[in-house]
Amino acid sequence: MRIIDLRSDTVTLPTPAMREAIYRAELGDDVFGEDPTTNRLEKMAAQRVGKEAALLVASGTMGNLVCSLTHCGRGEEVILGDQSHTFLYEAGGMSALGGIHPHTVANQPDGTMQLADIEAAIRGSNVHFPRTRLICLENTHNRCHGSALTPEYTDAVAALARERGLRVYLDGARVFNAAVALNVDVRELTRSVNSLSFCLSKGLSAPVGSLVCGSADFIAEARRTRKVLGGGMRQSGVIAAAGIVALEQMVERTAEDHRNARRLAEGIVRIRGLSIDLPKVQTNILYFQMTTERLTASQLVAELNKRGVKVLCVGANRLRAVTHYGISREDIDLTLAVLGELMNTS
Ligand code: TLP
């Protein structure tokens, strides 16, 4: 049975070109700075997002953690969205390991935080308060329908941060999806933030890795933080080799994933018992609701599973599907057929 795995774009497997590049990668010890493939990827990544330097880390979670630990000291505060991945799904790493205080602000349905809300969250100078250091954005915004934050919004947050002496960090796990969806150069989404990370292992299909990017001084410090976390890797060129292919060959094709997500969403609209907010579907992540009492989301997931279609249950009535390199237009049509059949017969 063909398995159509829409649970996440993290399930993507390396392309044949990546496997070939991994096989041929020139390697050395990266903790000595001597892995030529890693050095090449880091240079390429920095240039691609318009920063001075970059650092390969094991995961998006590690990228976010390395950056918060590098920007903030113990007892200092980070302003971030209440629906952000870092706040919800990273095991409280910044508090657990860095003594950093997260201060949440409501995420709007489009993934932004209102500027007035951010401003209200910035602490004044008072012995009772933690010191605000950092504002975190997420683009695309996973929990907020995979929506893309615009360059104008990002710049406005950065301007506010500058005015108040704060730094801005971007969790850009899927920032290339945002750039492709908005049809802008990714640098427009990164130009005003102090640091960011992006993932190789999601829509770009590489097996492992994320890149932290920022000024040369910031990355030198981040390298130290990565070491503290046990993230100094040795012949990391085996990872970097696939990452180079990801950056060279897999960015523009995410437009196809966005088209497939749209096609899936347009099909879901027509299925009785399901509902989806169509205009919110901008990239490769879509959330939809069950509007029937006959079936719960987890029962639907179980039934879909039996038929080879995998989606994530993210609430009593809420599901998530993510399109990616492993999913074709035919897979979308098959998914819709299975969904339609289940909803009509159950
Ligand atoms: N998100 C994963 C799961 O953790 C839910 C997914 O399937 O979407 N930032 C954002 C915006 C993310 O969506 C994720 C992963 C991460 C960071 C963490 O990346 P990894 O999984 O590489 O640590």
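You'll find the structure just up there.
Below you will find a few notes about this structure. (Residues numbered from 1 in each chain as written. Predicted model: local features only at pLDDT ≥ 70, side-chain atom pairs only at ≥ 80, totals over all residues. Heavy atoms only, no water.)

**Focus: the overall build of the protein**
Right, on to step 1. The secondary structure content of the protein amounts to 14 helices and 13 strands.
Right, on to step 2. By its C-alpha atoms, the protein is 60 × 55 × 35 Å across when sized along the principal axes.
Right, on to step 3. Looking at the protein as a whole, 55% of its 346 residues are labelled buried.
Right, on to step 4. Of the contacts formed within the protein by residues at least 6 apart in sequence, a portion of 74% connects residues at least 24 apart.
Right, on to step 5. Taking the average place of the 39 positive charges on the side chains of the protein and the average place of its 38 negative ones, the gap between the two points comes to 3 Å. (Helix = DSSP H or I, 4+ residues; strand = E, 2+ residues; numbered from the N terminus. Buried < 20%, exposed > 50% of the residue type's maximum accessible area, 1.4 Å probe, protein only. Contact = heavy atoms within 4.5 Å. Lys, Arg positive; Asp, Glu negative; His and termini not counted. Charge placed at Lys NZ, Arg CZ, Asp CG, Glu CD.)

**Some points on the nonpolar core**
Across soluble globular proteins, you tend to see nonpolar side chains buried next to one another.
Right, on to step 1. Residues Phe176, Phe198, Leu211 and Leu247 are the most contacted members of the largest nonpolar core, which totals 51 residues.
Right, on to step 2. The leading source of residues in this core is helix 11 (residues 237-249), at seven residues.
Right, on to step 3. Excluding anything up to four places from it in sequence, phenylalanine 176 contacts Arg48, Val49, Val186, Phe198, Leu204, Leu247, Val251 and Thr254.
Right, on to step 4. One finds Ile4, Ile276, Ala297 and Val311 within the second-largest nonpolar core, a separate group that totals 29 residues. (Core = buried A, V, L, I, M, F, W, Y, C linked by side-chain atoms within 4.5 Å.)

**Overview of the sheet that holds strand 4 (residues 101-105)**
Right, on to step 1. With mixed pairing, seven strands are arranged side by side in an open sheet as 2-8-7-6-5-3-4. If you trace the sheet from one side to the other, it starts and ends with strand 2 (53-57) and strand 4, each paired once. Adjacent strand axes in the sheet meet at a mean angle of 20 degrees, parallel and antiparallel pairs treated alike.
Right, on to step 2. For strand 2 and strand 8 (residues 210-214), the ladder comprises five bridges, and the chain directions are antiparallel. Bridged to leucine 55 within strand 8 is valine 212.
Right, on to step 3. Helix 7 (residues 151-163) rests against strand 5 (131-138) and strand 6 (167-171) of the sheet, and its axis sits at about 175 degrees to strand 5. (Pairing = 2+ DSSP bridges. Axes fitted to C-alpha atoms, helices over the stretch in contact; angles between N-to-C directions.)

**Concerning the side chain of threonine 254**
Right, on to step 1. When you line up the elements, threonine 254 lands in helix 12 (residues 254-269).
Right, on to step 2. Ignoring anything within four residues of it in the chain, the contact list for threonine 254 reads Phe176, Asn177, Val180, Gly203 and Leu204.

**Concerning the site of the ligand**
Right, on to step 1. Near the ligand lie 14 residues; those nearest to it are Ser8, Thr61, His85, Asn142 and Asp171.
Right, on to step 2. Contact between the ligand and arginine 174: an oxygen atom at 2.9 Å from a side-chain N or O atom of the residue.
Right, on to step 3. A distance of 2.9 Å separates an oxygen atom of the ligand from a polar side-chain atom of arginine 320.
Right, on to step 4. The protein chains hide 80% of the 510 Å² of surface that the ligand would expose on its own.
Right, on to step 5. Its atoms largely coinciding with the cavity grid, the ligand occupies the largest pocket. (Near = heavy atom within 4 Å. Polar contact = N/O pair within 3.5 Å; in protein donor to acceptor, adjacent residues only side chain to side chain. Areas by Shrake-Rupley, 256 points an atom, 1.4 Å probe, with all protein chains shown as cover. 1 Å grid on protein atoms, 1.4 Å probe; cavity = no way out; pocket = protein on both sides within 12 Å on 5 of 7 lines; lining within 4 Å. Sits in = over half its atoms within 2 Å of the grid points.)

**Brief notes about the layout of surface pockets**
Right, on to step 1. Estimates place the volume of the largest pocket at around 220 Å³.
Right, on to step 2. Taken together, 20 residues line the largest pocket, and the ones lying closest to its centre are Gly60, His85, Ala173, Cys199 and Lys202.
Right, on to step 3. In terms of residues, the lining of the largest pocket owes the most to one element, helix 3 (residues 60-71), which gives three residues.
Right, on to step 4. Considered class by class, the residues forming the lining of the largest pocket number four nonpolar, 11 polar and five charged. (Points joined across faces, edges and corners; volume = space filled by probe spheres on them. Nonpolar A, V, L, I, M, F, W, Y, C, P; charged D, E, K, R; others polar.)

**So, the sheet that holds strand 9 (residues 274-275)**
Each strand in a sheet pairs with another by means of backbone hydrogen bonds, the pair being arranged parallel or else antiparallel.
Right, on to step 1. As summarised here, the arrangement of the four strands in space is 9-10-13-12, forming an open sheet in which the pairing is antiparallel. Unpaired on one side and paired on the other, strand 9 and strand 12 (312-313) mark the two borders of the sheet.
Right, on to step 2. As defined by bridge partners, strand 9 adjoins strand 10 (residues 285-290) across two bridges and the pair is classed as antiparallel. Along strand 10, the bridge assignment pairs serine 275 with glutamine 289.

**Details of the pairing of strand 6**
Right, on to step 1. With four of five residues buried, strand 6 lies mostly within the body of the structure.
Right, on to step 2. Sheet analysis places strand 5 next to strand 6, joined by five bridges and oriented parallel. Among the inter-strand pairings, isoleucine 135 is bridged to a residue of strand 6, identified as valine 168.
Right, on to step 3. Considered for its hand, the β-α-β crossover made up of strand 5, helix 7 and strand 6 is right-handed.
Right, on to step 4. For strand 6 and strand 7 (residues 195-199), the ladder comprises three bridges, and the chain directions are parallel. Within strand 7, the position partnered with tyrosine 169 by the bridge is serine 195. (Right-handed = clockwise from strand over helix to strand, strands pointing away.)

**Considering the pattern of salt bridges**
Right, on to step 1. In the structure shown here, the tally under the stated rule is 19 salt bridges.
Right, on to step 2. In this structure, the salt-bridge partner of aspartate 333 is arginine 263, at a minimum N-O distance of 2.9 Å. With aspartate 333 in helix 14 (residues 329-345) and arginine 263 in helix 12, this pair connects stretches of sequence that are 70 residues apart.
Right, on to step 3. Owing to a relative accessible area of 29%, arginine 263 belongs among the partly exposed residues under this scheme.
Right, on to step 4. The shortest N-O distance in the salt bridge between lysine 280 and aspartate 277 comes to 2.4 Å.
Right, on to step 5. When its relative accessible area of 34% is taken as the criterion, aspartate 277 is described as partly exposed.
Right, on to step 6. Each member of the salt-bridge network shares a partner with another, and the members are Glu303, Lys306 and Arg307. (Salt bridge = Lys/Arg side-chain N within 4 Å of Asp/Glu carboxyl O.)

Spatial relationships are all this shows, so hold off on functional conclusions.
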